[in-house]
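One-letter residues, chain by chain:
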Amino acid sequence: GAKDTEVKLTIFREGDEDTRDITVKRGVILVKSVRFEMKEGDIAYIRVNRFGDDTEQEFRAAVRQALDKKATGLVIDLRNNPGGFLDTSVEMASLMLPTGKVVVMEEDGTGNRKEIKARGGDVLSGIPTVVLINEGSASASEILAGALRDNRENVTLVGKKSFGKGSVQEL
């Protein structure tokens, strides 16, 4: 339907006796891909929902806030993140890894390998970091979590085994 028009939804929930109607207005819902907040003990919490075309800019803004507030610890929440663009993951890793560290290695069907490395801009590698993952963390979120775990001693992965998506997406 057209924007700003109403639509009636009939909802039935398990355990309820009857359906119920809910009326909502149609419109565009903008969901940010990155959320930032400071927690107790000067811990910066950054939630990344996806790796889209706006994620790198939003992540950089969250990093600036963490640095401005003098965070002594960092939590990066990648739970239920389906991934997205490889380049976004590499750019985000570059803010947390020294230049030249391998972020991801691609291998084609003939065995040719290509290393993609951190591009510079590391401002977070000195801050102890916890990365939250679960079975819904896939693709670019797995790449970021793995790159941080493999290249930094002050990173701890917490959660469940991730999804295991091995494909790469690029613009």
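Here we summarise the structure given alongside this text.

1. With respect to the environment of Met38
Argument step 1. You can see Met38 is positioned in strand β3 (residues 34-39).
Argument step 2. For Met38 and Asp150, which are 112 residues apart along the polypeptide, the C-alpha to C-alpha distance reads 26 Å.
Argument step 3. Contacts of Met38, omitting those with residues within four sequence positions, involve Ile43, Ala44, Lys69 and Ala71.

2. Describing the packing of helix α1 (residues 55-68) against helix α2 (residues 86-94)
Argument step 1. Close contact between α1 and α2 brings their axes to 9 Å; oriented N to C, the two are set at 15 degrees. The angle between α1 and α2 falls in the class roughly parallel. The way α1 lies across α2 gives a crossing that is right-handed. For the pair formed by α1 and α2, the contact residues are Thr55, Glu56, Phe59 and Arg60 on the first element and Thr88, Glu91 and Met92 on the second.
Argument step 2. Among the residues forming the contact of α1 with α2, the class breakdown is two nonpolar, two polar and three charged.

3. Some remarks on unusual backbone geometry
Argument step 1. The phi torsion at Asp42 lies on the positive side, around 60 degrees, for a residue other than glycine.
Argument step 2. By relative accessible area, Asp42 is classed as partly exposed at 41%.

4. A closer look at the packing of α2 against helix α3 (residues 140-151)
Argument step 1. At a minimum axis separation of 9 Å, α2 and α3 run at an interaxial angle of 25 degrees. With respect to α3, the axis of α2 lies roughly parallel. Crossing of α2 over α3 shows right-handed handedness. Residues Leu86, Ser89, Met92 and Ala93 of α2 pack against Ala140, Ile143 and Leu144 of α3.

5. Some details on α1
Argument step 1. Between its first and last C-alpha, α1 extends 20 Å over 14 residues, near the 20 Å set by a 1.5 Å rise per residue.
Argument step 2. Three or more residues of α1 are buried, namely Thr55, Glu58, Phe59, Ala62, Val63 and Ala66. Viewed along the axis of α1, the buried residues span an arc of 145 degrees, placing them on a single side of the element. Exposed side of α1, more than 90 degrees from the buried face: Gln57 and Asp68 are the residues found there.
Argument step 3. Packing partners of the buried residues in α1 comprise β3, β4 (43-48) and α2.
Argument step 4. Immediately downstream of α1, the backbone of Lys70 shows phi near 55 degrees, a positive value.

6. Thoughts on the nonpolar core
Argument step 1. Among the nonpolar cores identified, the biggest contains 36 residues, and Ile46, Val48, Phe59, Leu78, Val103, Leu144 and Leu148 are the most heavily contacted of them.
Argument step 2. Going through the elements one at a time, β3, β4, α1, β5 (73-77), α2, β6 (102-107), β8 (129-133) and α3 are the ones with two or more residues in this core.
Argument step 3. When residues of this core are assigned to their parent elements, the largest contribution, six residues, is made by α3.
Argument step 4. For Ile46, the contacting residues outside a window of four places in its chain are Val34, Arg35, Phe36, Phe59, Ala62, Val63, Leu74, Val75, Ile76 and Asp77.

7. Quick word on the side chain of Asn134
Argument step 1. Of note, Asn134 is situated in the loop between β8 and α3.
Argument step 2. In this structure the side chain of Asn134 is engaged in a polar contact, spanning 3.0 Å, whose partner is the backbone nitrogen of Asn80.
Argument step 3. Engagement of the side chain of Asn134 in a polar contact is seen with the backbone nitrogen of Gly136, the distance being 2.9 Å.
Argument step 4. With sequence-adjacent residues up to four places away left out, Asn134 is seen in contact with Arg79, Asn80, Lys160, Lys161, Ser162 and Phe163.

8. A closer look at the pattern of salt bridges
Argument step 1. Under the criterion given, the structure shown has 13 salt bridges.
Argument step 2. Where Asp77 meets Arg79, a salt bridge forms, and the shortest distance between an N and an O atom there is 2.7 Å.
Argument step 3. Here Asp77 falls in the buried class, since its relative accessible area comes to 1%.
Argument step 4. Across the pair Lys117 and Glu115 runs a salt bridge whose closest N-O atoms are separated by 3.6 Å.
Argument step 5. By relative accessible area, which is 38% here, Lys117 ends up partly exposed.
Argument step 6. By relative accessible area, Glu115 is classed as partly exposed at 44%.

What counts and how
Residues take numbers from 1 onward in each chain, read along the sequence in its written order. A pLDDT threshold of at least 70 governs which residues receive local features in this predicted model, and a stricter bar of 80 or more applies before side-chain atom pairs are shown or counted, although totals over entire chains, interfaces and linings include all residues. In computing side-chain values, all of the structure's heavy atoms are included and hydrogens and water are not. For the purposes of this entry, the term helix denotes a DSSP run of H or I that reaches at least four residues, the term strand denotes a run of E that reaches at least two, and both are numbered from the N terminus. For this analysis, residues touch if any pair of their heavy atoms sits within 4.5 Å. Every angle, taken between N-to-C directions, lies between 0 and 180 degrees, and every axis is a line fitted to C-alpha atoms, over only the stretch in contact when it is a helix. Should an angle fall under 35 degrees it is called roughly parallel, over 145 degrees roughly antiparallel, and 65 to 115 degrees roughly perpendicular, with every other angle called oblique. By convention the crossing between two helices is left-handed if the near helix lies anticlockwise of the far one by an angle smaller than a right angle, and right-handed if it lies clockwise. Each residue is assigned to one of three groups, with Ala, Val, Leu, Ile, Met, Phe, Trp, Tyr, Cys and Pro labelled nonpolar, Asp, Glu, Lys and Arg labelled charged, and all others, Gly among them, labelled polar. Note on classification: 1.4 Å probe, protein chains only; a residue is buried when its accessible area is under 20% of the maximum for its type, exposed when over 50%, partly exposed between these limits. What a helix should span is 1.5 Å times the count of its residues minus one. Each C-beta atom gives one direction from the helix axis, and the arc is the one those directions make. In this description, a nonpolar core means a group of buried Ala, Val, Leu, Ile, Met, Phe, Trp, Tyr and Cys residues linked to one another through side-chain atoms lying within 4.5 Å. Under the rule applied, a polar contact is a pair of N or O atoms within 3.5 Å (in protein, one hydrogen donor and one hydrogen acceptor; residues adjacent in sequence only if both atoms are side-chain atoms). For this document, the term salt bridge refers to a Lys or Arg side-chain nitrogen within 4 Å of an Asp or Glu carboxyl oxygen.

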